[in-house]
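# Summary of the model geometry
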Amino acid sequence: MVWCLLSQMTEVQLEMGTLHNFISIHDLVRDDIELILEQAAAMESVAIKRSKELSTKIMACLFFEASTRTRLSFESAMLKLGGSVLGFADVVVSSAGGKGETLADTIRTVERYADVIVMRHPLDGSARVAAEFSSVPIINAGSGSEEHPTQGLLDMYSIKKFKGNIDGLSVSLCGDLKYGRTVHSLGMALSHYDVKIKLAAPPTLRMKPAIVNEMKKAGMEVKEVDSVEEAMKDADVVYMTRIQKERFPDISEYDAVRGKFRISLDEVALMPEDGIILHPLPRVGEIDSEVDATPQAKYFDQVYSGVVTRMAILKMILS
Ligand code: NCD
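Residues numbered from 1 in each chain as written. Predicted model: local features only at pLDDT ≥ 70, side-chain atom pairs only at ≥ 80, totals over all residues. Heavy atoms only, no water.

## Notes on the overall build of the protein
- Scanning the protein for helices and strands turns up 12 helices and 11 strands.
- A compact globule built from 319 residues would reach a C-alpha radius of gyration of about 20 Å, and the protein, at 19 Å, matches this within 12%.
- Each of the three principal axes of the protein carries a C-alpha extent, and together these read 50 × 50 × 40 Å.
- Burial statistics for the protein: of 319 residues in total, 57% are counted as buried.
- Relative to all contacts within the protein whose residues are 6 or more apart in sequence, the contacts with residues 24 or more apart total 73%.
- Carbon together with sulfur atoms contributes 52% to the accessible area of the protein, which is approximately 13400 Å² in total.
- Of the charged side chains in the protein, 36 are positive and 45 negative, and the gap between their average positions amounts to 3 Å. (Helix = DSSP H or I, 4+ residues; strand = E, 2+ residues; numbered from the N terminus. Rg over C-alpha atoms; globule rule 2.2 N^0.38 Å. Buried < 20%, exposed > 50% of the residue type's maximum accessible area, 1.4 Å probe, protein only. Contact = heavy atoms within 4.5 Å. Areas by Shrake-Rupley, 256 points an atom, 1.4 Å probe, with all protein chains shown as cover. Lys, Arg positive; Asp, Glu negative; His and termini not counted. Charge placed at Lys NZ, Arg CZ, Asp CG, Glu CD.)

## Side note on empty space enclosed by the protein
- Evaluation of the coordinates by the stated rule reveals one cavity of 30 Å³ or more.
- Considered as a void within the structure, the largest cavity measures approximately 80 Å³ in volume.
- For the largest cavity, the full set of lining residues is R69, S73, Q151, L154, H279, P280, Y299, Q302, V303, G306 and R310.
- For the lining of the largest cavity, the elements supplying multiple residues, two or more each, are α2 (69–80), α6 (149–163) and α12 (299–318).
- In terms of residue count, the dominant contributor to the lining of the largest cavity is α12 (five residues).
- Class assignment for the residues of the lining of the largest cavity results in four nonpolar, five polar and two charged. (1 Å grid on protein atoms, 1.4 Å probe; cavity = no way out; pocket = protein on both sides within 12 Å on 5 of 7 lines; lining within 4 Å. Points joined across faces, edges and corners; volume = space filled by probe spheres on them. Nonpolar A, V, L, I, M, F, W, Y, C, P; charged D, E, K, R; others polar.)

## Describing the layout of surface pockets
- Approximately 390 Å³ is the volume attributed to the largest pocket.
- Forming the walls of the largest pocket are 21 residues, and the residues nearest its centre are R120, R181, R242, L281 and P282.
- Residue classes in the lining of the largest pocket are distributed as four nonpolar, 10 polar and seven charged.
- Of the residues that make up the lining of the largest pocket, three or more belong to each of domain 1 (6–148 + 305–318) and domain 2 (150–303). (Domains from an automatic or database assignment.)

## Some thoughts on the nonpolar core
- Core analysis: the biggest nonpolar cluster contains 62 residues, and L173, L190 and L314 have the highest contact counts within it.
- Top element by residues in this core is α12. It accounts for nine residues.
- Two domains each put at least three residues into this core: domain 1 (6–148 + 305–318) and domain 2 (150–303).
- Setting aside residues no more than four positions away along its own chain, L190 makes contact with M156, I159, I166, V171, V195, I197 and M220.
- Counting 18 residues, the second largest nonpolar core, distinct from the first, contains C174, A235, V238 and A297. (Core = buried A, V, L, I, M, F, W, Y, C linked by side-chain atoms within 4.5 Å.)

## Remarks on the sheet that holds strand β8 (residues 196–200)
- With parallel pairing, five strands are arranged side by side in an open sheet as β9-β8-β7-β10-β11. On the outer flanks of this sheet lie β9 (221–225) and β11 (276–278), each paired with one strand and no other. Each strand of the sheet is rotated relative to its neighbour by a mean of 20°, with strand direction disregarded.
- As paired elements, β8 and β9 share five bridges and run parallel to each other. Residue pairing across strands places K198 opposite K223, the latter belonging to β9.
- α6 rests against β10 (237–240) and β11 of the sheet, and its axis sits at about 165° to β11.
- Set on the sheet, helix α8 (residues 209–217) makes contact with β7 (170–174), β8 and β9; between it and β9 the angle comes to about 145°. (Pairing = 2+ DSSP bridges. Axes fitted to C-alpha atoms, helices over the stretch in contact; angles between N-to-C directions.)

## Looking at the confidence of the model for the protein
- Of all residues in the protein, 94% have pLDDT values of 70 or greater, and the mean over the chain is 93.
- Confidence drops under a pLDDT of 50 for residues 1–16, and excluding neighbours within four residues, the segment shows 44 contacts in the predicted structure. (pLDDT = per-residue confidence, 0-100.)

## Some remarks on the environment of E34
- Residue position: E34 is located in helix α1 (residues 30–49).
- Sequence separation of E34 and V85 is 51 residues, and the distance between their C-alpha atoms is 28 Å.
- Not counting residues within four places of it along the chain, the set of residues in contact with E34 comprises K160 and Y193.
- In terms of polar contacts, E34 uses its side chain to reach the side chain of Y193, at 2.5 Å. (Polar contact = N/O pair within 3.5 Å; in protein donor to acceptor, adjacent residues only side chain to side chain.)

## Comments concerning the site of the ligand
- Taken together, T70, R120, H148, Q151, R181, T182, R242, Q244, P280, L281 and P282 make up all the residues around the ligand.
- Measuring from an oxygen atom of the ligand, one finds a side-chain N or O atom of R120 at 3.0 Å.
- One of the side-chain nitrogen or oxygen atoms of H148 is found 2.8 Å away from an oxygen atom of the ligand.
- The protein chains hide 93% of the 310 Å² of surface that the ligand would expose on its own.
- Mapping the ligand onto the cavity grids shows that it belongs to the largest pocket.
- Along the lines of polarity and charge, the residues of the shell around the ligand split into three nonpolar, five polar and three charged.
- Taken domain by domain, the shell around the ligand gets at least three of its residues from each of domain 1 (6–148 + 305–318) and domain 2 (150–303). (Near = heavy atom within 4 Å. Sits in = over half its atoms within 2 Å of the grid points.)

Structure, rendered in structure tokens:
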């Protein structure tokens, strides 16, 4: 557990914790996850009227890898709480990319400009390294193929929001379960709940055995399948992901699996009528655009969960 509960915050009428670094879902227990989901729900109304709570705070976004939703939703979250934002969205324009500055030196510089650092980096372990050098909190916005903990929490929030609860559900994680970091974080978060899980991936992109074992150890019923059809059947939640082309050491391995996992209207017809389809986005062909108009398609609504969940996390860190 990375934070401790300190006080009762009357404004949202909920117990608020303080959080320092947010690096991994592994650092959370179920009560922590529940608290963040409650806080995110409380942020739905704050997001509409906006607040000045963090008006003295500055958030730096250091994105060493491409991003649309993660960076912009963090910025939107900070602005809705009255805070200020700075940073870079392209490593090429930073000294790390243009001049070869080390991550440690970049962090030791930016900590002098900001109260919190949100960082995305292509290397596994990078967020933890940054936290070692930083005197201000580090939020992991994606570290290599390892983890994307705030996405995992916004996915949990979306499941709870659209399905009403998490316990008792059947969830299928589909697509690139090897290199996709969001499914690693989401899978670990789900392991704190009473959830049946199907892992659906091409044989070369299956979930790492260490994570599957961790899920089983947590008491989850885990089934590995190798087709989208299997993933859709009886699923309350289907979580589709992009094949992570940029993380394949050998592009011929990517070509061998490209286009193999795809949801069209035919696949949607296999799932329960009240099932939902989520995707962290961006999609590059793995969900047909005709699916967008079905009641099951919730991936664009899921985007907004990113704003309220990140508002909750920023407030817990900076309040
Ligand atoms: C994901 C990521 O960057 O890991 N996107 C996101 O943050 N919403 C998924 C992906 O890139 O496929």
